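Structural overview
For reference, the chains in residue letters:
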Amino acid sequence: MLRECDTRQMTDGEIREAFVKCFAGREGMIVLKRLTLRRWLGPDASADELRHLEGQRNLVSLILALASAD
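The numbering scheme is per chain: residues are counted from 1 as the chain's sequence reads. Restriction of local features to residues with pLDDT of at least 70 applies here, the model being predicted, together with a cutoff of 80 or more for giving and counting side-chain atom pairs; totals for whole chains, interfaces and linings are based on all residues. Excluded from the side-chain calculations are hydrogens and water; all other atoms, namely the structure's heavy atoms, are used.

**Quick word on the nonpolar core**
Counting 6 residues, the largest nonpolar core consists of Met29, Leu32, Val60, Ile63, Leu64 and Ala67. Per the convention used, a helix needs a DSSP run of H or I reaching at least four residues, while a strand needs a run of E reaching at least two, with both numbered from the N terminus. The greatest single-element share of this core, amounting to 4 residues, is contributed by helix α3 (residues 47–68). We call a set of buried residues a nonpolar core when its members are Ala, Val, Leu, Ile, Met, Phe, Trp, Tyr or Cys and they connect through side-chain atoms within 4.5 Å of each other. Here the term buried applies to any residue with accessible area under 20% of the maximum for its type, exposed to any over 50%, and partly exposed to those in between, with areas from a 1.4 Å probe on protein chains only.

Below, the structure is given as structure tokens:
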């Protein structure tokens, strides 16, 4: 069962450890990249669709950076 936690009470190191636990597995990384970083929109994509995808990419890049931080 999932447990809520108050991230405001966590240190940066604890948050990095949590990201590593959640996303450091090879399968998790592949899925995140496939859904966002390796996804392309066609030329008929709206500005809103482009902004949404770029926001997802930014978040996934942050997750990947935190998960791979030493």
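Back to the write-up after that little detour.
**A few points about the packing of helix α2 (residues 26–37) against α3**
For the pair α2 and α3, the least separation of the axes is 9 Å and the interaxial angle reads 155°. Relative to α3, the element α2 is oriented roughly antiparallel. Judged by the sense of rotation from one axis to the other, the crossing of α2 with α3 is left-handed. Facing Met29, Leu32, Lys33, Thr36 and Leu37 of α2, the residues of α3 in contact are Leu53, Gln56, Arg57, Val60, Ser61, Ile63, Leu64 and Ala67. Only C-alpha atoms enter the line fits that serve as axes; for helices the fit covers just the stretch in contact. Angles between N-to-C directions range over 0 to 180 degrees. Working definition: roughly parallel below 35 degrees, roughly antiparallel above 145 degrees, roughly perpendicular at 65 to 115 degrees, and oblique for all remaining angles. We call a crossing left-handed when the near helix sits turned anticlockwise from the far one by less than a right angle, and right-handed when that turn is clockwise. Whether two residues are in contact is decided by their heavy atoms, any of which lying within 4.5 Å being enough.

**Let's talk about the side chain of Arg57**
Take Arg57: it is sitting in helix α3. Given a relative accessible area of 18%, Arg57 falls into the buried group. Apart from the residues lying within four places of it in its own chain, the contact partners of Arg57 are Thr36, Leu37, Arg39 and Trp40.

**Some points on the packing of helix α1 (residues 12–23) against α3**
Between α1 and α3, the least distance of the axes is 7 Å, while the angle of their chain directions is 105°. Relative to α3, α1 is oriented roughly perpendicular. Contact residues: Arg16, Phe19, Val20 and Phe23 in α1; Ile63, Leu66 and Ala67 in α3. Classifying every residue of the contact of α1 with α3 gives 6 nonpolar, no polar and 1 charged. Note on residue classes: Ala, Val, Leu, Ile, Met, Phe, Trp, Tyr, Cys and Pro are nonpolar, Asp, Glu, Lys and Arg are charged, and everything else, Gly too, is polar.

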